[in-house]
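Fold and geometry: a report
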Amino acid sequence: MLSINPVFVRPGEATEFDKFVMPDGPSLPETAYQIVHDEAILDGNARLNLATFVSTWMDDEARKLYLEAADKNMIDKDEYPATAAIEDRCWRILADLWNVPDANDTIGTSTIGSSEACMLGGLAMKRLWRERRKAEGKSTENPNMVMSAAVQVVWEKFCNYWDIEPRYVPITPEHMVLDGHELEKYVDENTIGVVAILGQTYTGAYEPVEQIAKKLDEIQQNTGVDVRIHVDGASGAMVAPFCQPDLEWDFRIDRVNSINTSGHKYGLVYPGVGWVVWRNTAVLPESIIFHVSYLGGDMPTLALNFSRPGAQVLLQYYQFLRLGREGYREVQQNSIDVATYLSSEIERMAPFELVSRGDTIPVFAWVLKSDHTDNWTLYDLADRLRMKGWLVPAYPLADDLSDVVLQRIVVKAGLSRDLATALLADIKGEVAYLDSLTSPLPDRVAGRGQFHH
Ligand SMILES: *Cc1c(COP(=O)(O)O)cnc(C)c1O
C-alpha cells in the first residue's frame, strides 16, 4: 500500500497537524520528513542571506563529515577522546595564529559560539579583578566593564546576567569605533576590563586595539589602575591573521588577556562553534575551571553549556587541514575583493554614501543621502530586494546615532563574483524603480529592519 500511496495525499499529508499540541499517534517517517522539509522551504535561501555572518556553505567532504559525526557529544571527553584531542589541537592552532607568547602556557576551549566565548572571557576578567581586589582588601561590590556603544548584544547580556555595570563609550561621527578617546573618563579601579571589537557588527570596522592599549598604558601611569583587554574577534580574528598580518591586535599586545572568535563565521564552519583563548594560565583564574576525568587523567573544562555538538569541532579541524593558512587567506581575500567591488559600485550610485568599504572584514554598510528623496527609505529597498530573494537588511545604528539608518552586506565564501554582479543588477533595478515613484511610500516603523548584531 505504502509504495503506491502518492506523496502529499497520504494520511497526515492531505490533512493538517495541530501546530501546538503533540499528535496522539506516530506518522510514517516519510510523512514527518515531508512536512518538516516543506515547511522549512518557506525560510529564506541561506546562500542569499547577506544579513548573517554565519557560514552558509561548506564543501561536500565537510558535509559528509558532519553527517558521520552528528551523534557526538562534545562533553563526552572520555567516550570520544579523539574528538577531545582534536578540540585541544584547534584552540592551540588558534593560540599560535594569534601569537600567544608561550605555547606551553596558554589555555582555551571550544564553545557553542562567540556569545559563550565572550561570556567566558568576561567571567575570567571579573574573577581576576575580584581576586585582586580581595587580596588588596578592597571592595568587590561594583564591577564595571568598558566598551563601545556599538558592541554586539552579547556584551549587554554579559553585563546584565552577571551584574556588571556596562560603561558604553558613545559613538559619534568623529569616533565611530572605540579608539581610546576619553577612555580615562570611563575606566577606574572597578573596571574588570575593556572590550575591543575586531570587526564591529554594524559596519565591519576594526577597533584599534594597539591604540586602546596605549591609552590604557597612559591611564596606568597616571592613576596606577591596570586594565586589560578582551578582544571580541568574532569575525576579525579569523580574517586579520590572513589578510592584514601586519596589523597588531592580538597577543602581540601585552594588555590583551583573551580573544574569542566564531568558528561558524569566518572560521568557515556551519553553526555552532566558537573559540576563546587566554594569553596564559595566570589570566584565567583556577577557581572557574572544573576538572573532569579524561582517559584516567585530568581534563580542565570551562563552559556554560554541558552537552553540545562535537561535529562542528571536527569540521573546524577539517577546515584547518583543508585550507591551511594560504587557503584561508585566499578565501577571505576573495570575500574582501567581492565586498570592495560591491561597495565601490554602490558608492558610484547617486542615492548612496558608504559608511565602510569591506576592506577590514568583508562587511560594509551605506546610508541614503539625506537630500536624495522623501519617497523611499533603505527599508523599502530591503523589501524590494527580498522580493528577489536577497536578504540585505536595513537597520538603525547604535545608541547615540540611532537616527542613522544603514544597509549592510556581509560577504561570505559562496557569494561569488557572479552572484555579486547579479545582486548589483537587482539593486540598480530596484533603485530605478523606487526613484521612479512620484509620491512617498507609506511610512516605516523605525527599527523594523531585521538586524543581526
Ligand atoms: C556575531 C558576534 C558575536 C556573537 O557571536 P555568536 O557566534 O553568534 O554567538 C559577538 N560579537 C561580535 C563582534 C559578533 O560579530
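Residues numbered from 1 in each chain as written. Predicted model: local features only at pLDDT ≥ 70, side-chain atom pairs only at ≥ 80, totals over all residues. Heavy atoms only, no water.

Let us now look at the pairing of strand S11 (residues 363-368). For S11, a buried count of six out of six residues is recorded, marking the element as mostly surrounded by other parts of the structure. Here S11 shows no split at all, with Val 363, Ala 365 and Val 367 on one side and Phe 364, Trp 366 and Leu 368 on the other all buried. Pairing between strand S10 (residues 352-354) and S11: three bridges, direction antiparallel. Following the sheet pairing, Phe 352 is matched in S11 by Leu 368. Across four bridges, the pairing between S11 and strand S13 (residues 405-410) is antiparallel. Counted as the bridge partner of Val 363 is Val 410 from S13. (Buried < 20%, exposed > 50% of the residue type's maximum accessible area, 1.4 Å probe, protein only. Helix = DSSP H or I, 4+ residues; strand = E, 2+ residues; numbered from the N terminus. Pairing = 2+ DSSP bridges.)

Right, let's talk about the domain arrangement of the chain for a bit. According to the domain assignment, the chain contains domain 1 (7-43), domain 2 (65-320) and domain 3 (331-435). Averaged C-alpha coordinates put domain 2 and domain 3 at centres separated by 30 Å. Across the boundary between the two partners, domain 2 contributes 23 residues, which contact 26 residues of domain 3. Buried surface at the junction of domain 2 and domain 3, summed over both partners, amounts to about 1700 Å²; 68% is from carbon and sulfur atoms. Considering only the side of domain 2, the residues that lose the most area to domain 3 are Tyr 202, Thr 203 and Tyr 266, jointly responsible for 37% of the buried surface there. There are zero salt bridges connecting domain 2 and domain 3. When grouped by side-chain class, the residues that make up the side of domain 2 that touches domain 3 number 15 nonpolar, eight polar and no charged. (Domains from an automatic or database assignment. Contact = heavy atoms within 4.5 Å. Buried area = accessible area lost by both parts, 1.4 Å probe. Salt bridge = Lys/Arg side-chain N within 4 Å of Asp/Glu carboxyl O. Nonpolar A, V, L, I, M, F, W, Y, C, P; charged D, E, K, R; others polar.)

Attention shifts here to the sheet that holds strand S5 (residues 229-232). Strand order in this open sheet of seven strands is S1-S7-S6-S5-S4-S2-S3, and the pairing throughout is mixed. Among the strands making up the open sheet, the edge pair consists of strand S1 (107-111) and strand S3 (165-169). Mean inter-strand twist for the sheet, computed between neighbouring axes without regard to direction, equals 20°. Relative to S3, strand S2 (residues 144-148) runs parallel, the two sharing five bridges. Along S3, the bridge assignment pairs Val 146 with Arg 167. Of the strands in this sheet, S1, strand S6 (256-262) and strand S7 (274-278) are in contact with helix H3 (residues 81-97), which crosses S7 at around 60°. On the sheet, helix H5 (residues 153-161) packs against S2, S3, strand S4 (191-197) and S5 and is oriented at approximately 165° with respect to S2. (Axes fitted to C-alpha atoms, helices over the stretch in contact; angles between N-to-C directions.)

If you check the shell around the ligand, you find 14 residues, and the closest are Ser 114, Ser 115, Asp 232, His 264 and Lys 265. The separation between an oxygen atom of the ligand and a polar side-chain atom of His 264 is 2.7 Å. Lys 265 has a polar side-chain atom sitting 2.8 Å from an oxygen atom of the ligand. Protein burial of the ligand: of its 380 Å² of free accessible surface, 90% is covered by the chains. (Near = heavy atom within 4 Å. Polar contact = N/O pair within 3.5 Å; in protein donor to acceptor, adjacent residues only side chain to side chain. Areas by Shrake-Rupley, 256 points an atom, 1.4 Å probe, with all protein chains shown as cover.)

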